[in-house]
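Here is how the chains run, residue by residue.
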Amino acid sequence: MLVLLRPRLVQALGIAMLLSLTSCIVVPKALDTEANRSRLESDLKEAYARQEKIERPLTLEDAMARTIRYNLDSRVKLMQEALAKGELGLARWDMLPRLAASAGYSNRSTYAASNSVNLDTRVESLSMSTSQDRDIRTADLSIAWNVLDFGVSYYQAKQKANQQLIWRERRRKVIHNLMQEVRLAYWQAAGSAKLQARAIRVLQSAERELERIRQQREERLASPIENLREERALLETMRQMQAVIDELAVAKPRLASLMGLPPGISFELSTVDLPENGLPSMNVPIEKLEQVALEHRPELREAAYEERISALEARKAIARLLPGIEFRGSKEYNSNSFAAYPNWWEGGMSVSWNLMNIPLAPQRIKTAKAGKEVARASSLAISMAVLSQVYVSRQQQGASIRQYSLARQQWDVDEQMLWYINAGHELNVLSDREYIQAQANALKSELGLYMAHASMERAQGSLYASLGLDPFLDIDTAMPLDKLSDAILRAGKAWQAGRFGWATDEVDRVGRAARLFADGQELFLQERYAEADSLFTTLISIDPLNESARQYKETIIPARVSRISKAEKLSGKARQAAELQQEGRVEEAKALWNEIILESKKELQK
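Residues numbered from 1 in each chain as written. Predicted model: local features only at pLDDT ≥ 70, side-chain atom pairs only at ≥ 80, totals over all residues. Heavy atoms only, no water.

Below, the discussion takes up the packing of aromatic side chains. In this structure the tally under the stated criterion is eight aromatic pairs. On the basis of an interplanar angle of 75° and a centroid distance of 6.0 Å, the ring pair of F517 and Y552 is categorised as edge-to-face. Of this pair, F517 sits in helix α13 (residues 502–525) while Y552 is found in helix α15 (residues 547–582), placing the two residues 35 residues apart along the sequence. Classification of Y552 as buried rests on a relative accessible area of 14%. Centroid distance F524 to Y552: 5.4 Å. Interplanar angle 75°. Geometry classified as edge-to-face. In this pair, F524 is assigned in helix α13 and Y552 in helix α15, connecting sequence segments 28 residues apart. F524 gets classed as buried once you look at its relative accessible area, which sits at 8%. What links up through ring pairs into an aromatic cluster is the set F517, F524, F536 and Y552. Above the ring of Y111, the side-chain terminus of R134 is found at 5.8 Å from the ring centroid. (Phe/Tyr/Trp six-rings, centres within 6.5 Å; stacked < 30°, edge-to-face > 60°. Helix = DSSP H or I, 4+ residues; strand = E, 2+ residues; numbered from the N terminus. Buried < 20%, exposed > 50% of the residue type's maximum accessible area, 1.4 Å probe, protein only. Lys NZ or Arg CZ within 6 Å of the ring centre and 35° of its normal.)

With nine bridges joining them, strand β2 (residues 135–146) and strand β3 (residues 324–334) adopt antiparallel strand pairing. Bridging across to β3, D140 finds its partner in E332. As defined by bridge partners, β3 adjoins strand β4 (residues 343–352) across 10 bridges and the pair is classed as antiparallel. Looking across to β4, one finds that I325 is bridged to V351. (Pairing = 2+ DSSP bridges.)

So, on to the sheet that holds β3. One open sheet holds the four strands; their spatial order is β1-β2-β3-β4, and the pairing between them is antiparallel. The open sheet has two free edges, formed respectively by β1 (98–107) and β4, since each of these has just one partner strand. If you compare each strand with its neighbour and ignore which way they point, the axes differ by 20° on average. In the sheet, β1 pairs with β2 via 10 bridges, with the strands oriented antiparallel. Residue pairing in the sheet places Y105 in a bridge with R137 of β2. Here helix α5 (residues 147–219) sits on the sheet in contact with β1, β2 and β3, set at roughly 55° to β2. (Axes fitted to C-alpha atoms, helices over the stretch in contact; angles between N-to-C directions. Contact = heavy atoms within 4.5 Å.)

Our focus in this paragraph is the environment of P97. Structurally, the position occupied by P97 is in the loop between α4 (72–93) and β1. Here P97 falls in the partly exposed class, since its relative accessible area comes to 38%. On a C-alpha basis, the gap between P97 and E326 in space is 10.0 Å, while along the polypeptide they are 229 residues apart. Setting aside residues no more than four positions away along its own chain, P97 makes contact with I143, A144 and W145.

Don't take any of this as a statement about function, it's just geometry.
See below:
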């Protein structure tokens, strides 16, 4: 027997030693320089991958569309929403019964032998016997369904569904904040594109004038005190110009970062003249704005979903207090040769109840209700904050418009002063220093005008964000950038006019456009070209960016109608040639047939 056990004992000891050695070979391994560089290159490549090329100067709406599509913060929120959706799918699977398959093998070094003893006489009634093989193989396929687990899983799945909606609202909030930043950065970059070269020229002129003043002081051609005063004034001007240049230099990279563009990439902004009197204020009663905010703000919707989750938590706590009822069934197999039936079905039901839940029940219910009350109080607090933000944003918009108006007037004054000083400078009545100072003042005023316009745009974006407005009900990340940009542009016009249900109207418009396109295609296939042309004309008026409808309208239908018209003409000529042939006018008929053949070849080539 020891001889039989020894090989197996050696095998067991060998396996144990091998496992103990594998536990010792796991050691920390830091990233080396090459691996870290490779990881960074891969991350950067992935961050800027699959971006549409910039082929024209960007408008504000184009910049917003690119930010929504490619900004990394927005993409992270989209991934988190997708992750929550996946977790919801997993939670749904938890409601299903448990289905398990198992197989096993067991081996004994000896038989499981035993005998029996009479309890009264203490005499052995049987000799040693066994009813089990030394090697046993088992297998089973079982299904079990616990009613309590199903109820708890049901509430958990509903909580996951609300969690997915919460991530969607958080993504909306991120996009609202990004749109405000893009508005500010775009107009700062627009000012940079227009003023940076001019600021550099003024700074260079100031440097030349400074050199001239210092040379005068060295040659004692003027009063030293007067020279130093002029030099100090010029240095102050140069300091201001350098500050302007430094501020303008970072505007465009900041905008590129928001749009998710690689650092240093070159792009142009669309040139737009600044408005005379600022952006028009939203002429909507504050009561309506408050109502819109309470309906659309993502924070309030998130609080409502949190309140739902708290209510479901209370129901889940109550469900856990109930007894658990489990139904189970299985198909069993056992290779024991002593068994009469190696395969059999088995079924049953069990009831279990954790009695310790009884004293804990009041506390659990109380805690769940407290969580619900906290969520409710939080929702009320957010509602009050939202109403305050709407009021403050409305006031900030009015203040920014007034500030822009003053900045515009100041710029006009400085431009007029520059004109008069330039005229005096050309007549040698005014000095170079005075001319440079006037240029610097005019430049700073124009920069202030752009900054005031940027602040005004940001204030308008802040008002839209305080109302919780979106240019779409659900963002389609596969939407082409030009359509996304057009949707943002039309949404802004609708909101400015007080049409806050624009997103819902947009869904109806898209649905109507799809129906019109399908009807137009059907009419085209039925060769009812005039009616199809009319439908596609209506579709283009609804959706100007629908290239497929425009292609039907401008190319396909005219080409088909032209071919039919030419075919009818050729058919008429063919009948005429046949009549000439019947009349015996063979040469004329032959010439006409040749003409028909040449025209037919031309059409076939087309």
